[in-house]
Amino acid sequence: MFTHVAIHHPHPEHREALRASMRRVDAAARASAGLIRIDDWAEIDGDRLVGIAIWESRGAFEAAAHSMFAVVAGDPFDVWWAAPPETIYLES
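A brief structural summary. Small disclaimer: the values here were computed from a predicted structure and weren't measured.

1. Describing the pattern of salt bridges
- The tally for this structure, following the rule as stated, stands at six salt bridges.
- Of the charged contacts, one joins D40 and R23 as a salt bridge, the two residues approaching to 3.2 Å between their closest N and O atoms. Taken together, the residues span a long stretch of sequence, with D40 in strand 2 (residues 35-42) and R23 in helix 1 (residues 15-29) at a distance of 17 residues.
- Judged by relative accessible area, D40 falls into the buried class, the value being 5%.
- Through salt bridges with shared partners, one network takes in R19, R23 and D40.

2. Here we look at helix 1
- With 15 residues, helix 1 extends 21 Å from end C-alpha to end C-alpha; this agrees with the ideal 21 Å at 1.5 Å per step.
- Of all the residues in helix 1, the buried ones are R15, L18, R19, S21, M22, V25, D26 and A29. With its buried residues spanning 155 degrees around the axis, helix 1 presents them on a single face. Across from the buried face of helix 1, at angles greater than 90 degrees, the exposed residues are E16 and A27.
- Against the buried residues of helix 1 lie strand 1 (2-10), strand 2, strand 3 (49-55), helix 2 (58-70), helix 3 (77-80) and strand 4 (81-91).

3. Brief notes about the sheet that holds strand 2
- The antiparallel open sheet is built from four strands, whose spatial order is 2-3-1-4. Every interior strand has two partners, whereas the edge strands, strand 2 and strand 4, have only one. In this sheet, neighbouring strand axes are inclined to one another by 10 degrees on average, regardless of whether the strands run parallel or antiparallel.
- Note: strand 1 against strand 4, eight bridges, orientation antiparallel. Bridge pairing links V5 to I88 in strand 4.

4. Re the side chain of S32
- Tracing the chain through its elements places S32 in the loop between helix 1 and strand 2.
- A residue is classified by how much of its surface remains accessible, and S32, at 16% relative accessible area, is buried.

5. Things to note about the pairing of strand 3
- Alternating positions in strand 3 separate cleanly, L49, G51, A53 and W55 being buried on one face and V50, I52 and I54 remaining unburied on the opposite face.
- Pairing between strand 1 and strand 3: seven bridges, direction antiparallel. Across the sheet, H4 pairs through a bridge with A53, a residue of strand 3.
- Here strand 2 runs beside strand 3; their pairing, made up of seven bridges, is antiparallel. Note that in strand 3 the partner of D39 across the bridge is I52.
- The hairpin turn running from strand 2 into strand 3, its antiparallel successor, is six residues long.

Reading the values: rules and limits
Residues numbered from 1 in each chain as written. Predicted model: local features only at pLDDT ≥ 70, side-chain atom pairs only at ≥ 80, totals over all residues. Heavy atoms only, no water. Salt bridge = Lys/Arg side-chain N within 4 Å of Asp/Glu carboxyl O. Helix = DSSP H or I, 4+ residues; strand = E, 2+ residues; numbered from the N terminus. Buried < 20%, exposed > 50% of the residue type's maximum accessible area, 1.4 Å probe, protein only. Expected span 1.5 Å × (residues − 1). Arc of directions from axis to C-beta. Contact = heavy atoms within 4.5 Å. Pairing = 2+ DSSP bridges. Axes fitted to C-alpha atoms, helices over the stretch in contact; angles between N-to-C directions.

Have a look at this one:
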C-alpha cells in the first residue's frame, strides 16, 4: 500500500479556495485504478489543510498523478499558499 500526504499552508483568506482545489483533485482521482481512499482534512485549531490518498501501490499513484493534478494546473497556488506544501510518501 502507498499513501500520499500533502500538508498545505494557505493564507487564511484563501483557505476555502484551496480546499475547493483539493476537492477537485479528489474528484479527478476517484476514477483512477488502484485508489483505495482519498479525502481532504481541515485542521481544527489552525489553518492547515491535509490531503491524504491511499493507493494499492506507488505505481497506481504515479499512473494517475498527471491527470489528477492537471485539473488544478491553473490554480493560483502562489497567491493561496503562505508556504509551499509538505509532501510525505508512505509505504506499508
